[in-house]
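# Structure assessment
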4 protein chains.
Amino acid sequence: MPPAHPFDDDKLHEECGVFGVIGVTDAANFVALGLHALQHRGQEAGGIVSHDPESGFNSARRFGYVRDNFTKQSLMETLPGSLAIGHVRYSTAGSKGATQIRDVQPFFGEFSMGGAAIAHNGNITNADALRRELIERGSIFQSSSDSECIIHLMARSLQRKVPERMMDALRRVEGAFSIVAMTRTKLIGVRDPLGVRPLVIGRLGEDGWILSSETCALDIIGAEYIREVEPGEMVVIEHGKLNSMRPFVPQQSRFCIFEHVYFSRPDSILGGRSVYETRRQIGVELAREAPVDADLVCPVPDSGTPAAIGYAHESGIPYGMGIIRNQYMGRTFIEPTEQIRNMGVRLKLNVNRALIRGKRVILVDDSVVRGTTSRKIKEMILDAGAAEVHFRIASPPTAWPCFYGVDTPQRDKLLAATMSEDEMRDYLQVDSLRFISLDGLYRAVGEAEGRNPKCPQYCDACFSGEYPIEPADMIEKGFEMKAAE
Amino acid sequence: MPPAHPFDDDKLHEECGVFGVIGVTDAANFVALGLHALQHRGQEAGGIVSHDPESGFNSARRFGYVRDNFTKQSLMETLPGSLAIGHVRYSTAGSKGATQIRDVQPFFGEFSMGGAAIAHNGNITNADALRRELIERGSIFQSSSDSECIIHLMARSLQRKVPERMMDALRRVEGAFSIVAMTRTKLIGVRDPLGVRPLVIGRLGEDGWILSSETCALDIIGAEYIREVEPGEMVVIEHGKLNSMRPFVPQQSRFCIFEHVYFSRPDSILGGRSVYETRRQIGVELAREAPVDADLVCPVPDSGTPAAIGYAHESGIPYGMGIIRNQYMGRTFIEPTEQIRNMGVRLKLNVNRALIRGKRVILVDDSVVRGTTSRKIKEMILDAGAAEVHFRIASPPTAWPCFYGVDTPQRDKLLAATMSEDEMRDYLQVDSLRFISLDGLYRAVGEAEGRNPKCPQYCDACFSGEYPIEPADMIEKGFEMKAAE
Amino acid sequence: MPPAHPFDDDKLHEECGVFGVIGVTDAANFVALGLHALQHRGQEAGGIVSHDPESGFNSARRFGYVRDNFTKQSLMETLPGSLAIGHVRYSTAGSKGATQIRDVQPFFGEFSMGGAAIAHNGNITNADALRRELIERGSIFQSSSDSECIIHLMARSLQRKVPERMMDALRRVEGAFSIVAMTRTKLIGVRDPLGVRPLVIGRLGEDGWILSSETCALDIIGAEYIREVEPGEMVVIEHGKLNSMRPFVPQQSRFCIFEHVYFSRPDSILGGRSVYETRRQIGVELAREAPVDADLVCPVPDSGTPAAIGYAHESGIPYGMGIIRNQYMGRTFIEPTEQIRNMGVRLKLNVNRALIRGKRVILVDDSVVRGTTSRKIKEMILDAGAAEVHFRIASPPTAWPCFYGVDTPQRDKLLAATMSEDEMRDYLQVDSLRFISLDGLYRAVGEAEGRNPKCPQYCDACFSGEYPIEPADMIEKGFEMKAAE
Amino acid sequence: MPPAHPFDDDKLHEECGVFGVIGVTDAANFVALGLHALQHRGQEAGGIVSHDPESGFNSARRFGYVRDNFTKQSLMETLPGSLAIGHVRYSTAGSKGATQIRDVQPFFGEFSMGGAAIAHNGNITNADALRRELIERGSIFQSSSDSECIIHLMARSLQRKVPERMMDALRRVEGAFSIVAMTRTKLIGVRDPLGVRPLVIGRLGEDGWILSSETCALDIIGAEYIREVEPGEMVVIEHGKLNSMRPFVPQQSRFCIFEHVYFSRPDSILGGRSVYETRRQIGVELAREAPVDADLVCPVPDSGTPAAIGYAHESGIPYGMGIIRNQYMGRTFIEPTEQIRNMGVRLKLNVNRALIRGKRVILVDDSVVRGTTSRKIKEMILDAGAAEVHFRIASPPTAWPCFYGVDTPQRDKLLAATMSEDEMRDYLQVDSLRFISLDGLYRAVGEAEGRNPKCPQYCDACFSGEYPIEPADMIEKGFEMKAAE
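What you see is a predicted model; the values in this text were computed from it and never measured.

### With respect to the overall build of chain A
- Counting secondary structure elements, chain A contains 18 helices and 25 strands.
- A compact globule built from 485 residues would reach a C-alpha radius of gyration of about 23 Å, and chain A, at 23 Å, matches this within 12%.
- Reported as C-alpha extents along the three principal axes, the dimensions of chain A are approximately 70 × 55 × 45 Å.
- Looking at chain A as a whole, 65% of its 485 residues qualify as buried.
- Contacts in chain A between residues far apart in sequence, at least 24 positions, make up 68% of those at least 6 positions apart.

Right, here's the structure in full:
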């Protein structure tokens, strides 16, 4: 699939969002609403599995937005029951070519003592090796998704009950993953031992429990936020009760710091902190670390907005909407004309020429990946008559690919992998370019002392090259880790 | 068609946007881009007519977004030629029930000396009477659109040439209309004598000329903004030359002031003024007229944003994103489940709870129509723990329907038609509610002295009830004008 | 549109079928059934207009089979009322290129005293001239269909009532046409003065009246066949009563003899005669005129079957299914692969090799147009091991195009226009080839004395070149009539 | 899925057709053509898998006709390679509810030494037990199809090569099945030990080999018929060579006699006999066994036609088309109106009233299943004025369900399960009703001595209740076999 819009080839992409509900009437409707609120985590496709004592497991998987598929009466009626899980996906991991509908999660497997459906956000770093082993033993794979490895491991487990089967399976699995799964009567949530990817618990009414990638999806259904599933924890919810288990050896957590920078919605709460407030605070730190004399602080919409508000507030320079986003840019174009293809960023953004003309403009963006979009935006701003263009980036230089469920370009496509900050400034031909420091970012997320280099509080591999989980499949494919210093 | 999203039944709607190009290769591609930039003026359907010496007139009309239809190679190849016009429409005027594809503009008619296609933005206030008369004489109507009246009048004109036929036709027509039309060789633009609806002229390269509802659509194709078509002017562009004609008796202009408030995109230029700057200035005026002690100025996204920035700047109260908009709310739901239908505004907006909690919040919105959305937003803000809620509205109370091409509810559905400002505050159950004054609005659009009550500089009938053009058809249907004071 | 199946470029095509009902509940449902029974008269598209006092005129037009469109509850509910007319069309007459949905009948026009919908089967031979004249006067055409001329003539009539307007219009119209039309309260049927195309009257229950192209469509709804609309007659049915009018100067009738040969369904009754029996009798006549010593009489399915049965019976040679038709060949292929395109006739037919091998085979076909299919069938039969192949054709050589509503190739594409019977036999490389004589055909349709050359009882222009109605538009376009002898 | 047309609930249905090709360019195109020729064996859905060294295995599965899906250039381009297999299916065996696209064959599985795709025609009578056992061992099923059992058995085989794995799997499988399978380099065909279902071998050009359910699909691609795959034989074709293996214990064959009566196309060759000739001969036998004085022999189209021709020829009573079939009745109606639903058989058939009136009519049909259609046809014939109606049925009474890949109603729905021939005659209210005797049928298929009761030459379980393979799954579900006599 081509990128969803002109920016998309110049952003990192969260692969997935997961959501599960138990103990409510028409659970699938709640899952649909939750997935709609998590749509920013994956726009390519979505799926829901529900269970109802009468009709058993039912599932629907569709390409496209949740709102275009999982709102229709006729479809939702095929997903009855008080227990359901769902998934939205971005395209990456999986087969070489186009995603097939069979690759869309959740996956379902029937076992000798019942069945289970499973969906995950993240990446299993030894999935290739596991798959080879399972095929050797006679398992038949129907998809290219990592989730299917877990289902096959569960099917072959010698345990009888599904939670025990899952623990068996998880002990073979390496990587970063937040799992939502279900049996006929249980809703199950798991986070990997480092807790790289998010997963939260909510409650609705007397008996309803929710698992969700982010808190914003609790808000949409009016659920109460209880707590996060802890790193390495497995929760099993049944008959209105939650049981907590610990299938893994305990480790210090390493939550993905990029969730704070870009992936999560600003109205979500991560680790007890408002994402919006963290981003605003990044802007404040940036204004302190990298001040510049200018007339206007202008966000690159929409992800740069909170940091721009923080930067403007701290610097005292007026905040203004110098770039206007077209509200009607949605999904991919199908077979567009050459001319449309060439319009690129103009289809999505327009410069507010009257505001920009003659001004020294500070553009605040969340990150620089390939740098292609930054160049185009800079050109649009200068064409509109800006006197100066200063880029301020709300994350450190992205110099390493992520192997934990985020779609990143190969290392040689990352601008920061081959250029210093000054070289990037020259490449982008802007008057100045500054990234927030890694310590500044850690301060903005609440670590007053900054990053602990001995034992970093977060996973920041995309900035530092320090991978907390060995990317086994990728190393086998030839990826070279950063040399130990 | 049901409203496009939860807000849509509580906004005024511009019916249409028009765009035309002459003198460029593959003109229809430019029209598609222009219409994409004008999509905010009408999301229901769009159409393009092009002319090519070899294949003659070709047309395509589609329901849905421009980007979903008029980007496909296969469709655009059917619209060859260096001359094309297009239209996007919102649903209103026309037949009682659902819009049929035959109601989608542009309309085409073949005359004895050639043919013409025509699209308009606005409303012909004597269309019903004209239609009756034409049918009596033997014309056969295929649509319920006003544009078809003009085509039939042109077909019956005793003049031979199309521009003369059009002038003949226009002399029979009353109302507010900006027309873009084309013959085999000419691009024609017309604004009604009062110039109620916008229409601008642009140039592209040596020979290319553009007509567009707004300047933002010139930007997307890289065209240069030349000037507005003047009220009562008819421009005929052929062989790279523009001729200006004056078919109407001259009158003082009365441009629609609501274009400044809401309809136009903030990056457009209206009457030489930046729409963004005007809206920011409305916020400044509001802060002066209606100050209040509070902790946070928060826009109702996205239309309230510029005024909120102005209000925050003038008042010194911090600006923050207290309400987060879901980027993936697009078009109408098709047959949604009951539960989805009931979610209403939550599907589109979520409160940034961490930011709002405990704060005294000033909510800046562009207008209040029925008041239904305002109530829901107030409830969301209070549920999230706001200490106080103060509404500041960037337009005066909307108390009268528009008959000039804007879709407004019947008068008794307008909150301001039956309530005073205090009654509205009590109805909405907010701590305070203030609208900008009519004079304040006029100041914000650049009339330092405010509104000239003897001879208002703008059409403000929706606020004042003073209709500059008699709505003949509506009066026949029983509408009662405001009594002269 | 490419041909619907391999044979289609080698047959004459009836353009249309018409059907109308008044005085029954849910009339549109009956029209749908009737059109399904008339589908052989036109497979490209169909349309239905109904009238209901509450919702007025409603219409639906669709490409494709009646059964795929006009059976759906959701569509049929939009066509309420006790009065409806419908139409199925084949593609020909009309615009150069692809048919547009706006070209699909029935057409509807609103007049000053009401409205009318109209559908016709046939061709208006002065349509081009009428259209030019109407455009000159200011009428705007929306389609390329002949029916629209009649509607515009009616709209301009000085008469007040629809039947009188229609008589006014018909007096300007030349050609071969069977019309079914409706007002809000009347069902109207008309046949041209020569009665070239068929139209019959049926009754259903107490108050129901039906007009239909063929009697087979009366059977499907259980209606009783009453009589034919007579040549030059106009019937107006209202309040359960039928009124007969005579708008034209009386002439001797000239019914299309090809309806007996091929167009009509074998289970229909034409002019009081069973079509099946006529075709069987053609086979009997052929066996008498052109006997041959052989082992097997084999129809080219399905149109040659009745004549083959007659031939076998008369000759005493066994009848057998030597060619098997694939039941699943339906409509056109959309963008087929090269390989599929090249398969041609094999996709539709297969030879029953075990039956054919070593036999002297008489193949009975209904007609030879271009001869392309006959060649392919002959090859298939020989490949399967037939000892001899003898063609017997149930119509005389088709040497002239039809201008009365039948789609025929240009004259130079007709095999019989340039070759004698012997030359055709050599061209087809068969052991013998014989067509029934024109007199034999007249005998088979019941004219014991054969054709009356002074005043032929039927229109047989496609065989004789004697056109009973001057094809004015075609002559203007350069068609040369046969020189008078 | 509702029945495809009014008759369909009153016929037995062959579930499937299979077709495979190796050694030709663009093999999938040939498979598409072959499946088109086999469409009568299954209309619900079709699938093709191809293999190409570069892109590996590719597959496409679609609901609907082959001709509507597998003719498009765009789809066929996704199926490259010189080796491909395909399948058409009717709906039966499988999950309780609607067929899902994942249930559509061929199935594909990846093994440790490669992969294989498989499609079958028939039924595995111990599939339920096998499935339970495989799930117990950890296999995960993705479909409800029997073919998937074979793939899982193959995946778990300890053999390394695919043919050996398949032999391993087949030894666990009971039932009636003709299999077409492929690896990356081999085309494989298998028939069960009794050879209940057909499978033939063909050649095309130098290197091309074909496997097909029937010979008619060889004809369409111009391939030469070589021989049948023998009962219990497994053929493996690679590098232009065919190897024959015998994985099963040899048994006397029991080919399905109903293939001769109804399932196969009349232009196919079964066991060296022309199906058409066999059916004609059944008519001859019927005329001898059950003569009656009458005026007309009339087939129930289309399946009764060859037997009617035979009956007419033997009896000397004229043959005629008393019932005309609508050519445009295709697939299922989607949500039809009540009125359409009630039309039933009239949508498909019409009586040729002029031919039938006053006649004593012999109706020849292929079989009587529930008897519902026979009643309707009898009524139509009498309504049309027939003097007498005599049914002659070209098969013995169908009194037992088939469990070998044919969709039959439950036993209590079979008219012959509860009524004698005389009772059926009274139930149908016809003047006479006679079925061919079982011995007569055996004579018609070439067994001059009739049926050998000790060791029947064919599977005739649907007539005799003698099941040559124990229907294990069905017995477990409660089916009661006929008591041994």
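Following the structure, the description resumes.
### Topic: the sheet that holds strand E13 (residues 234-238) of chain A
Residue and element names in this part refer to chain A.
- Pairing is antiparallel across the open sheet formed by six strands, whose spatial order is E6-E7-E8-E9-E13-E14. A strand with exactly one partner marks an edge of an open sheet, and here the two such strands are strand E6 (107-111) and strand E14 (241-245). Shown here is a sheet whose adjacent strand axes are inclined to one another by a mean of 20°, direction ignored.
- Taken together, the five bridges between strand E8 (residues 175-182) and strand E9 (residues 187-191) define a ladder with antiparallel strand orientation. Counterpart to Ile179 in the pairing with E9 is Val190.

### With respect to the domain arrangement of chain A
- With domains assigned, chain A is organised as domain 1 (13-253) and domain 2 (274-448).
- One C-alpha centre belongs to domain 1 of chain A, the other to domain 2 of chain A; they are set 34 Å apart.

### As for the interface of chain A and chain B
- Across the boundary between the two partners, chain A contributes 61 residues, which contact 61 residues of chain B.
- Between chain A and chain B, the buried area comes to about 5100 Å², and carbon and sulfur atoms account for 57% of it.
- Ranking the residues of chain A by area buried against chain B places Arg67, Tyr328 and Gln339 of chain A at the top, with a combined share of 15%.
- Here chain A is connected to chain B by zero salt bridges.
- Summed over the shared surface of chain A and chain B, the result is 17 residue pairs in polar contact (both at pLDDT 80 or more).
- Going through the elements one at a time, helix H1 (27-37), helix H3 (73-76), helix H7 (216-220), helix H10 (305-315), strand E19 (323-325), helix H11 (338-343), strand E20 (349-351) and helix H12 (353-356) of chain A are the ones with two or more residues in the side of chain A that touches chain B.
- A per-element tally of the side of chain A that touches chain B places H1 of chain A first, with five residues.

### Concerning the pairing of strand E21 (residues 360-365) of chain D
Residues and elements named next belong to chain D.
- Most of E21 sits out of view: five of its six residues are buried.
- Across four bridges, the pairing between strand E18 (residues 296-299) and E21 is parallel. Note that in E21 the partner of Cys298 across the bridge is Leu363.
- The pairing of E21 with strand E22 (residues 388-393) spans six bridges and is classified as parallel. Note that in E22 the partner of Leu363 across the bridge is Phe391.
- A crossover links E21 with its parallel partner E22, the connecting element being helix H13 (residues 372-383), and its sense is right-handed.

### Details of the pairing of strand E10 (residues 200-204) of chain A
Residues and elements named next belong to chain A.
- Burial analysis of E10 places four of its five residues in the buried class, which makes it a mostly covered element.
- The sheet contact formed by E10 and strand E11 (residues 208-212) spans five bridges and is antiparallel. Bridge assignment links Leu204 to a residue of E11, and that residue is Gly208.
- Count of turn residues in the E10/E11 antiparallel hairpin: three residues, of which Gly205 carries a positive phi of about 65°.
- As paired strands, E10 and strand E12 (residues 224-228) are joined by four bridges and run antiparallel to one another. Across the sheet, the residue bridging to Val200 is Glu228, located in E12.

### Observations concerning the packing of aromatic side chains
- Overall, the coordinates contain 58 aromatic pairs over all chains when judged by the stated rule.
- Arranged with centres 5.1 Å apart and planes meeting at 50°, the rings of Phe258 of chain B and Phe263 of chain B form a pair that is tilted.
- Overall, Phe258 of chain B belongs to the buried group, its relative accessible area being 1%.
- The class for Phe263 of chain B is buried, based on a relative accessible area of 5%.
- An aromatic cluster is present here, built from Trp400, Phe403, Tyr404, Tyr467 and Phe479 of chain A joined pairwise through their rings.
- Over the ring of Phe107 of chain D we find Arg61 of chain D, and its NZ or CZ is 5.5 Å from the ring centre.
- In this arrangement the basic side chain of Arg411 of chain D is found over the ring face of Trp400 of chain D, its NZ or CZ atom lying 3.6 Å from the centre.

### Some remarks on the pattern of salt bridges
- Throughout the structure, instances matching the rule amount to 120 salt bridges over all chains.
- The salt bridge involving Arg172 of chain B is made with Glu133 of chain B; its shortest N-O contact spans 3.0 Å. Of the two residues, Arg172 of chain B sits in the loop between helix H6 (162-170) and strand E8 (175-182) while Glu133 of chain B sits in helix H4 (residues 127-136), which places them 39 residues apart along the sequence.
- Its relative accessible area of 37% is what places Arg172 of chain B among the partly exposed residues.
- Owing to a relative accessible area of 26%, Glu133 of chain B belongs among the partly exposed residues under this scheme.
- Between Arg265 of chain C and Asp267 of chain C there is a salt bridge; the shortest N-O distance is 2.7 Å. The pair Arg265 of chain C / Asp267 of chain C is uniform in exposure class, with both members buried.
- Within the structure, one salt-bridge network assembled from shared partners comprises Glu285, Arg288, Glu289, Glu314 and Arg443 of chain A.

### Quick notes on the relation of the copies chain A and chain B
- Take chain A, turn it by 180°, move it 0.0 Å along the axis, and it overlays chain B with an RMSD of 0.1 Å. These values place the two chain copies in the arrangement generated by a two-fold rotation axis.
- Both copies contact each other with a shared surface, as 98% of the interface residues of chain A are interface residues in chain B too.

### With respect to the relation of the copies chain D and chain A
- Expressed as a screw transformation, the operator carrying chain D onto chain A has a rotation angle of 180° and an axial translation of 0.1 Å, and the superposed copies differ by an RMSD of 0.0 Å.
- When the interface residues of chain D are mapped onto chain A, 100% of them again fall at the interface, so both copies present the same face.

### Describing the interface of chain D and chain A
- Taken together, the contacts link 20 residues of chain D with 20 residues of chain A.
- On the chain D side of the interface with chain A, the three residues burying the most area are Ile135, Ile140 and Gln142 of chain D, jointly 33% of the side's total.
- The interface formed by chain D and chain A contains two salt bridges.
- In this assembly, chain D and chain A are joined by one residue pair in polar contact (both at pLDDT 80 or more).
- Elements that contribute at least two residues to the side of chain D that touches chain A include exactly strand E6 (107-111), helix H4 (127-136) and helix H5 (146-156) of chain D.
- Ranked by residue count, the leading element in the side of chain D that touches chain A is H5 of chain D, at five residues.
- Considered class by class, the residues forming the side of chain D that touches chain A number six nonpolar, seven polar and seven charged.

### A look at the environment of Asp365 of chain C
Residue and element names in this part refer to chain C.
- Summarising the element assignment, Asp365 is placed in strand E21 (residues 360-365).
- Under the relative-accessibility criterion, Asp365 is labelled buried at 5%.
- When the C-alpha atoms of Asp365 and Pro301 are compared, they prove to be 8.0 Å apart, with 64 residues separating the residues in sequence.
- In contact with Asp365, other than residues within four places in its own chain, are Lys11, Val300, Ser303, Gly304, Arg392, Ile393 and Ala394.

### A closer look at the UniProt feature "active site" (unreviewed entry) in chain A
Residues and elements named next belong to chain A.
- Mapped onto the present numbering, the UniProt feature "active site" (unreviewed entry) falls on Cys16.
- Tracing the chain through its elements places Cys16 in strand E2 (residues 16-22).
- Those residues in contact with Cys16 that lie beyond four places of it in its chain are Arg41, His87, Val88, Arg89, His120 and Asn121.

### As for the packing of helix H9 (residues 275-289) of chain C against helix H10 (residues 305-315) of chain C
Residue and element names in this part refer to chain C.
- Contact pair H9 / H10: the axes reach a minimum separation of 7 Å and the direction vectors enclose 45°. Judged by the inter-axis angle, H9 sits oblique to H10. Viewed along their axes, H9 and H10 form a crossing whose handedness is right-handed. When H9 is examined against H10, the residues Tyr276, Arg279, Arg280, Gly283, Val284, Leu286, Ala287 and Arg288 are found in contact with a partner set consisting of Pro306, Ala307, Ile309, Gly310, Tyr311, His313, Glu314 and Ser315.
- In terms of residue class, the contact of H9 with H10 is built from eight nonpolar, four polar and four charged.

### Regarding H4 of chain B
- Along H4 of chain B, the residues that are buried comprise Ala127, Leu130, Arg131, Leu134 and Ile135 of chain B. One side of H4 of chain B holds all its buried residues, which, seen down the axis, span an arc of 130°.
- Summarising the contacts, the buried residues of H4 of chain B are in contact with strand E7 (114-124), helix H5 (146-156) and helix H18 (472-476) of chain B together with strand E6 (107-111) of chain C.
- Phi turns positive, to about 105°, at Gly138 of chain B, one or two residues after H4 of chain B.

Definitions and cut-offs
Residues numbered from 1 in each chain as written. Chains lettered and ligands numbered in written order. Predicted model: local features only at pLDDT ≥ 70, side-chain atom pairs only at ≥ 80, totals over all residues. Heavy atoms only, no water. Helix = DSSP H or I, 4+ residues; strand = E, 2+ residues; numbered from the N terminus. Rg over C-alpha atoms; globule rule 2.2 N^0.38 Å. Buried < 20%, exposed > 50% of the residue type's maximum accessible area, 1.4 Å probe, protein only. Contact = heavy atoms within 4.5 Å. Pairing = 2+ DSSP bridges. Axes fitted to C-alpha atoms, helices over the stretch in contact; angles between N-to-C directions. Domains from an automatic or database assignment. Buried area = accessible area lost by both parts, 1.4 Å probe. Salt bridge = Lys/Arg side-chain N within 4 Å of Asp/Glu carboxyl O. Polar contact = N/O pair within 3.5 Å; in protein donor to acceptor, adjacent residues only side chain to side chain. Right-handed = clockwise from strand over helix to strand, strands pointing away. Phe/Tyr/Trp six-rings, centres within 6.5 Å; stacked < 30°, edge-to-face > 60°. Lys NZ or Arg CZ within 6 Å of the ring centre and 35° of its normal. Least-squares fit on C-alpha atoms with pLDDT ≥ 70 in both. Nonpolar A, V, L, I, M, F, W, Y, C, P; charged D, E, K, R; others polar. UniProt positions renumbered as here; feature names shortened; annotations may be inferred. Parallel < 35°, antiparallel > 145°, perpendicular 65-115°, else oblique. Left-handed = near helix turned anticlockwise from the far one by under 90°. Arc of directions from axis to C-beta.

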